[in-house]
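The residues making up each chain are set out below.
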Amino acid sequence: MNDTPGWASPGSSDSNEPERGDTPQAPPPPPAPQDAAPNWSKQQPPPNQWSAPAGGGWGSPPPPPPQPGPGWGGAPGGWQSAAWGRPPAAKPGVIPLRPLGVGEILDGAVSTMRAHWRVVLGISLAVALVTQAVLVVLQGLFLNENSDFNQVQKDPNATSGEILRSAGGALAGSGIAALISLLAMIFATAMLTMVISRAVLGRPVTTGEAWRDSRPQLLRLLGLTLLLPLIALLIIAAGTVPGIVIIALGGTGGGIALAVIGGLAASVVAIWLWVRWSLASPTLMLEKQGVITSMKRSMKLVRGAWWRILGVQLLAWVLVTIVSGIIQTPFTLIAGAVSGDGMTSFMSQDANLGWTFLIVTAIGGVIGTAITLPISAGVTALLYMDQRIRREALDIELARAAGLPGYGDTRTPDRTTSES
């Protein structure tokens, strides 16, 4: 893998290796021995004696057995076909070092939580506490029935200055809450990605090590996190602008139709780009790349596997949503019973959510976020590793980094044609 961006393990220096081409060059086949016989030998090994090579690596499968014939030296079907299967892949950490299935990606994310639960839950719990505390304060101050914003909304005699001041205060509070939540999520994503990179190698990691390894890339990750949704919003806006212009010129019916069609088409383009850039975050963290380079690398890794990446991400989102709902629902019911607000008041438009209700529901939110956040981060990081294993034989580099025996520098199998 001298022609691909190397596996930048936590704490390593930036990768200066050029990117690998779309079609990797396979190593030349070894020269055949001069005394090789053209036919099978009359003396064959006994049946069922095939053993996996030392080290348990992801080697190339042996050639299929020849059909029984004069040179076979045994009964037809003497060797069972199952004995010619691929040797088991090495598994120094939470995933086997080979192309992964969907279930193995999800299991790897959960296994990371089990293997490093102190670090993983410590990081996600700290982030959940910060974000939920900010949301509770925001809801208690700006979304309460007695808040200035709601009072102005209900006052038919409110002046325009009062409306602007109250709306500005509510927007400022929402912006501060969104910014703090964004920073907390970036902090968690960066550190959890480093924890997962160590868990794949079967190595221990502490919270201090994860922070030290992720800190140099935090500003770049912040830029990437802000840039991607900005691009999506600009694309959707560009799709709806022609219809809005026609509406402004008086063509209401045609303008509305054009705006809807343009918005839908632009949304499809935005989703397509979002999937193509979905691996940019782990690329930025693990390869120590810049923002634009990480986006280009993500597009290259996702190429040819767009639908698979989308399906895995959607499946992970559905599972996370279900788990979060299962955890949150009992706390919402308890909050309604304890505070006296009830579910009817919670779902009504004029809900007056007291501090008791907000705090109890926030406890459920903290628990749900602490459990689901590592799963989301783990799926994205493992998808990145899986794509590099399929396209760039990253499993060989990981096996070497893990110190497994039997992985020399000459083994560079081609993964461009691997299963997708």
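Residues numbered from 1 in each chain as written. Predicted model: local features only at pLDDT ≥ 70, side-chain atom pairs only at ≥ 80, totals over all residues. Heavy atoms only, no water.

## Concerning the overall build of the protein
Item 1. When helices and strands are counted, the protein shows 13 helices and zero strands.
Item 2. Helices and strands appear in the protein in the N-to-C order α-α-α-α-α-α-α-α-α-α-α-α-α.
Item 3. The proportion of buried residues among the 420 residues of the protein is 39%.
Item 4. Accessible surface for the protein amounts to roughly 22,200 Å². Of this, 65% is attributable to carbon and sulfur atoms. (Helix = DSSP H or I, 4+ residues; strand = E, 2+ residues; numbered from the N terminus. Buried < 20%, exposed > 50% of the residue type's maximum accessible area, 1.4 Å probe, protein only. Areas by Shrake-Rupley, 256 points an atom, 1.4 Å probe, with all protein chains shown as cover.)

## A short note on the side chain of Thr372
Item 1. As for its position among the elements, Thr372 is in helix 12 (residues 355–392).
Item 2. Residue class for Thr372 comes out buried when judged on its relative accessible area of 8%.
Item 3. Engagement of the side chain of Thr372 in a polar contact is seen with the backbone oxygen of Gly368, the distance being 2.8 Å.
Item 4. Among all residues touching Thr372, those that are not within four sequence positions of it are Val320, Val323 and Ser324. (Polar contact = N/O pair within 3.5 Å; in protein donor to acceptor, adjacent residues only side chain to side chain. Contact = heavy atoms within 4.5 Å.)

## Observations regarding the packing of aromatic side chains
Item 1. Under the criterion given, the structure shown has two aromatic pairs.
Item 2. With 5.6 Å between their ring centres and 45° between their planes, Phe187 and Trp211 make a pair best called tilted. Highlighted residues: Phe187 in helix 4 (residues 160–201) and Trp211 in helix 5 (residues 207–214), separated in sequence by 24 residues.
Item 3. Residues Trp306 and Trp307 carry aromatic rings whose centres are separated by 4.7 Å and whose planes lie at 85° to one another, so their mutual orientation is edge-to-face.
Item 4. Residue class for Trp306 comes out buried when judged on its relative accessible area of 16%.
Item 5. Residue classification places Trp307 among the exposed positions, given a relative accessible area of 68%. (Phe/Tyr/Trp six-rings, centres within 6.5 Å; stacked < 30°, edge-to-face > 60°.)

## A look at empty space enclosed by the protein
Item 1. Inspection of every chain in the model, using the stated rule, returns two cavities of 30 Å³ or more.
Item 2. If you add up the space inside the second largest cavity, you get close to 40 Å³.
Item 3. Taken together, Ala109, Thr112, Met113, Val120, Leu192, Val195, Ile196 and Pro374 form the lining of the second largest cavity.
Item 4. Going through the elements one at a time, helix 1 (102–115) and helix 4 are the ones with two or more residues in the lining of the second largest cavity.
Item 5. For the lining of the second largest cavity, the residue count by class is seven nonpolar, one polar and no charged. (1 Å grid on protein atoms, 1.4 Å probe; cavity = no way out; pocket = protein on both sides within 12 Å on 5 of 7 lines; lining within 4 Å. Points joined across faces, edges and corners; volume = space filled by probe spheres on them. Nonpolar A, V, L, I, M, F, W, Y, C, P; charged D, E, K, R; others polar.)

## Considerations on unusual backbone geometry
Item 1. Residue Lys288 is not a glycine yet carries a positive backbone phi of 55°.
Item 2. Relative to the elements of secondary structure, Lys288 occurs in the loop between helix 8 (280–286) and helix 9 (291–302).
Item 3. Residues other than glycine seldom take positive phi values, yet Ala393 does so here, at roughly 55°.
Item 4. Secondary-structure assignment places Ala393 in the loop between helix 12 and helix 13 (394–401).
Item 5. Residue class for Ala393 comes out buried when judged on its relative accessible area of 2%.

## Focus: helix 7 (residues 252–276)
Item 1. For helix 7, which comprises 25 residues, the first-to-last C-alpha distance of 36 Å matches the rise-based estimate of 36 Å (1.5 Å per residue) to within 8%.
Item 2. By the burial criterion, the buried members of helix 7 are Gly255, Ala259, Gly262, Gly263, Ala266, Ala270, Leu273, Val275 and Arg276.
Item 3. Those residues of helix 7 that are buried lie in contact with helix 6 (218–248), helix 9 and helix 10 (306–339). (Expected span 1.5 Å × (residues − 1).)

## With respect to the confidence of the model for the protein
Item 1. Looking at the protein, the pLDDT average stands at 76 and 65% of residues meet or exceed 70.
Item 2. By mean pLDDT, helix 11 (residues 342–347) is the weakest element of the protein at 52, and helix 9 is the strongest at 96.
Item 3. A low-confidence stretch, residues 1–6 stays under pLDDT 50, and its non-local contacts, those more than four residues away or across chains, total 30 contacts. (pLDDT = per-residue confidence, 0-100.)

## Side note on the packing of helix 7 against helix 10
Item 1. The interhelical angle for the contact between helix 7 and helix 10, taken along N-to-C directions, is 90°, at an axis separation of 9 Å. By the criterion of interaxial angle, the relationship of helix 7 to helix 10 is roughly perpendicular. In this structure, helix 7 contributes Ile271, Trp272, Trp274, Val275 and Arg276 to the contact, and helix 10 contributes Trp306, Ile309, Leu310 and Gln313.
Item 2. Split by residue class, the contact of helix 7 with helix 10 holds seven nonpolar, one polar and one charged. (Axes fitted to C-alpha atoms, helices over the stretch in contact; angles between N-to-C directions. Parallel < 35°, antiparallel > 145°, perpendicular 65-115°, else oblique.)

## A short note on the layout of surface pockets
Item 1. The space that makes up the largest pocket amounts to roughly 1,200 Å³.
Item 2. Met185, Thr189, Trp274, Ser376 and Thr380 are, among the 40 residues lining the largest pocket, the residues nearest its centre.
Item 3. Of all the secondary-structure elements, those providing two or more residues to the lining of the largest pocket are helix 2 (117–142), helix 4, helix 6, helix 7, helix 8, helix 10 and helix 12.
Item 4. A per-element tally of the lining of the largest pocket places helix 12 first, with 11 residues.
Item 5. Tallied by class, residues from the lining of the largest pocket come to 23 nonpolar, 17 polar and no charged.

## Overview of the side chain of Gln387
Item 1. Position of Gln387 among the secondary structure elements: in helix 12.
Item 2. Residue classification places Gln387 among the buried residues on the basis of a relative accessible area of 3%.
Item 3. Residues contacting Gln387, with those up to four places away along its chain left out, are Leu279, Leu301, Ala305, Arg308, Ile309 and Glu392.

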